[in-house]
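Chain residues, written in single-letter form:
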Amino acid sequence: MQSTRVLTRHCALCHDVDGLPLLCIDNAYAKAKISLFGAHLLSYQRHDEPDAIWLSDKAVLNGSRPIRGGIPICWPWFGPAPARVGSGKPAHGFARTSLWTLDGVTDHAYGTLVHLSLRDNDTTRALWPHAFELALDVLISTSLSLTLITRNTGNVPLVYNGALHSYLQISAPENVSLTGLGEPYSRILVAQQGRQQGALRLSEAIDRIYHQPEAMITLSDGKRTIRVTSQHHDSVVVWTPWLEGAMAIDDMSTHGYRTMLCAEAAITDPAGVTILPNEEHSLSTLIC
């Protein structure tokens, strides 16, 4: 990693071996890396603690494809493009594969605040014909805070879905207990409903949308506890590919599933969120 420009006392603009621009942050509370490709948080590690965020050891970081791990931004849709968007569009939208603009970095007594933005252009309008401004504020402190703000800069209402697709680091699946999910859930890949009874424990592949989560979900894995508090979401998505799934993913090691679990704030209701012209909506998550 080569530092190319110091931005503040605690943040530098760096490039990795593939030339991908990264923000490298190291302050009194934690270290973090954020890629400008996708406004993608790659790591967050409080000092003297393991990284809270999982990144695949086979992640492609040259901008040629979405990054496996970290916190991808799924926007303006989650999963396959909905019927209102049309077929043949990339899964999870285009925010995670766009190059974002760095609007500013500020050091504060309580941490380092990063401001990133993405605006509509010819490429985005070909996929989704709306004028917008997307802003991401990331605070690196004793906790990790991400706030995604969608502004409608056009003349007609827009509808969006999305997620802050958090890959959390775990010690081992058999140690995991996840609480705060609520009871009703649906499985993503098959038309099946279920109800969660007590804490979720891992013993197989899981791809679920929990429809009535509490504001805070808690992941315990025997070695530490990670709390995820979210706002303005309608669901929490939980995903682990398990061994069979990991073997089919070319940018994940076969046993990579044993150290990761996705548990993320999402907007998955098919109706989405409607934003009128000159109005905005935020989706946020706090990981500590």
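Description of the structure in this document. Source: prediction; values computed, not measured. (Residues numbered from 1 in each chain as written. Predicted model: local features only at pLDDT ≥ 70, side-chain atom pairs only at ≥ 80, totals over all residues. Heavy atoms only, no water.)

This brings us to the overall build of the protein chain. Summing up its helical and strand segments, the protein chain has 2 helices and 23 strands in all. The C-alpha radius of gyration computed for the protein chain amounts to 18 Å, which stays within 12% of the reference 19 Å derived for 288 residues, consistent with globular compactness. Here the C-alpha coordinates of the protein chain stretch approximately 50 × 50 × 35 Å along the principal axes. For the protein chain, with 288 residues in total, the buried portion stands at 52%. Long-range pairs, those at least 24 residues apart, make up 60% of the contacts in the protein chain between residues at least 6 apart in sequence. When the accessible area of the protein chain is evaluated, it comes to approximately 12,700 Å², of which 50% is carbon and sulfur surface. The average position of the 22 basic charges and that of the 27 acidic charges among the side chains of the protein chain differ by 2 Å. (Helix = DSSP H or I, 4+ residues; strand = E, 2+ residues; numbered from the N terminus. Rg over C-alpha atoms; globule rule 2.2 N^0.38 Å. Buried < 20%, exposed > 50% of the residue type's maximum accessible area, 1.4 Å probe, protein only. Contact = heavy atoms within 4.5 Å. Areas by Shrake-Rupley, 256 points an atom, 1.4 Å probe, with all protein chains shown as cover. Lys, Arg positive; Asp, Glu negative; His and termini not counted. Charge placed at Lys NZ, Arg CZ, Asp CG, Glu CD.)

The subject of this paragraph is the pattern of salt bridges. A complete count under the given rule lists 11 salt bridges for this structure. Arg119 is the partner of Glu133 in a salt bridge, and the nearest nitrogen-oxygen pair spans 3.3 Å. Of this pair, Glu133 sits in strand S9 (residues 132-140) while Arg119 sits in strand S8 (residues 111-119), placing them 14 residues apart in sequence. One salt-bridge network, in which partners are shared between bridges, spans Arg65, Arg68, Asp250 and Asp251. (Salt bridge = Lys/Arg side-chain N within 4 Å of Asp/Glu carboxyl O.)

This part takes up the packing of aromatic side chains. Pairs of aromatic rings are described using the distance from one ring centre to the other and the angle between the two planes. A full pass over the atoms with the stated rule returns 12 aromatic pairs. Ring geometry for Trp54 against Tyr167: centres 5.6 Å apart, planes inclined by 20°, an arrangement best described as stacked. Remark: Tyr167 occurs in strand S13 (residues 167-169) and Trp54 occurs in the loop between strand S5 (40-46) and strand S6 (73-74); sequence separation between them is 113 residues. This pair shows no difference in class: Trp54 is buried, exactly as Tyr167 is. Seen in terms of ring centroids, Trp242 and Tyr257 are 5.1 Å apart; in terms of plane orientation they differ by 50°. Their pairing is tilted. Of this pair, Trp242 sits in helix H2 (residues 242-247) while Tyr257 sits in the loop between H2 and strand S21 (260-267), and the two are 15 residues apart along the sequence. As far as burial versus exposure is concerned, Trp242 and Tyr257 are alike and both buried. Directly above the aromatic system of Tyr185 lies the positively charged group of Arg208, at a separation of 4.2 Å from the ring centroid. (Phe/Tyr/Trp six-rings, centres within 6.5 Å; stacked < 30°, edge-to-face > 60°. Lys NZ or Arg CZ within 6 Å of the ring centre and 35° of its normal.)

Inspection of the secondary structure puts His40 in strand S5. Its relative accessible area of 1% is what places His40 among the buried residues. Those residues in contact with His40 that lie beyond four places of it in its chain are Lys33, Ile34, Ser35, Ile67, Gly69, Gly70, Ile71 and Pro72.

Once that is clear, we can look at the side chain of Ser235. Following the sequence through the fold, Ser235 ends up in strand S20 (residues 235-240). The buried category is assigned to Ser235, whose relative accessible area is 0%. A distance of 2.8 Å separates polar atoms of two side chains, one belonging to Ser235 and the other to Asp234. Apart from residues no more than four positions distant in its own chain, Ser235 is found in contact with Ile209, Tyr210, Pro213, Glu264, Ala265, Ala266, Ile267 and Thr268. (Polar contact = N/O pair within 3.5 Å; in protein donor to acceptor, adjacent residues only side chain to side chain.)

One face of the sheet, then the other: side chains in a regular strand alternate in exactly this way. The alternating pattern of strand S19 (residues 225-231) places Ile226, Val228 and Ser230 on a buried face, while none of Thr225, Arg227, Thr229 and Gln231, on the opposite face, is buried. Pairing of strand S18 (residues 216-220) with S19, which is carried by 5 bridges, proceeds in the antiparallel orientation. Counted as the bridge partner of Ser220 is Thr225 from S19. Taking the residues that link successive antiparallel strands as the turn, the S18-S19 hairpin has 4 residues, and the phi of Gly222 there is positive, at about 90°. Bridge count for S19 against strand S23 (residues 280-287) is 4 bridges, and the pairing is antiparallel. Bridge pairing in S23 places Val228 opposite Ile287. (Pairing = 2+ DSSP bridges.)

Before going further, it helps to examine unusual backbone geometry. Here the residue pair Trp75 and Pro76 is connected by a cis peptide bond, since its omega of 5° sits within 30 degrees of zero. A positive phi angle is found at His92, which is not glycine, with a value near 65°. Inspection of the secondary structure puts His92 in the loop between S6 and strand S7 (101-108). Notably, His232 is not glycine yet its phi reads approximately 65°, a positive angle. Inspection of the secondary structure assignment puts His232 in the loop between S19 and S20.

Worth remembering: the numbers are spatial, not functional.
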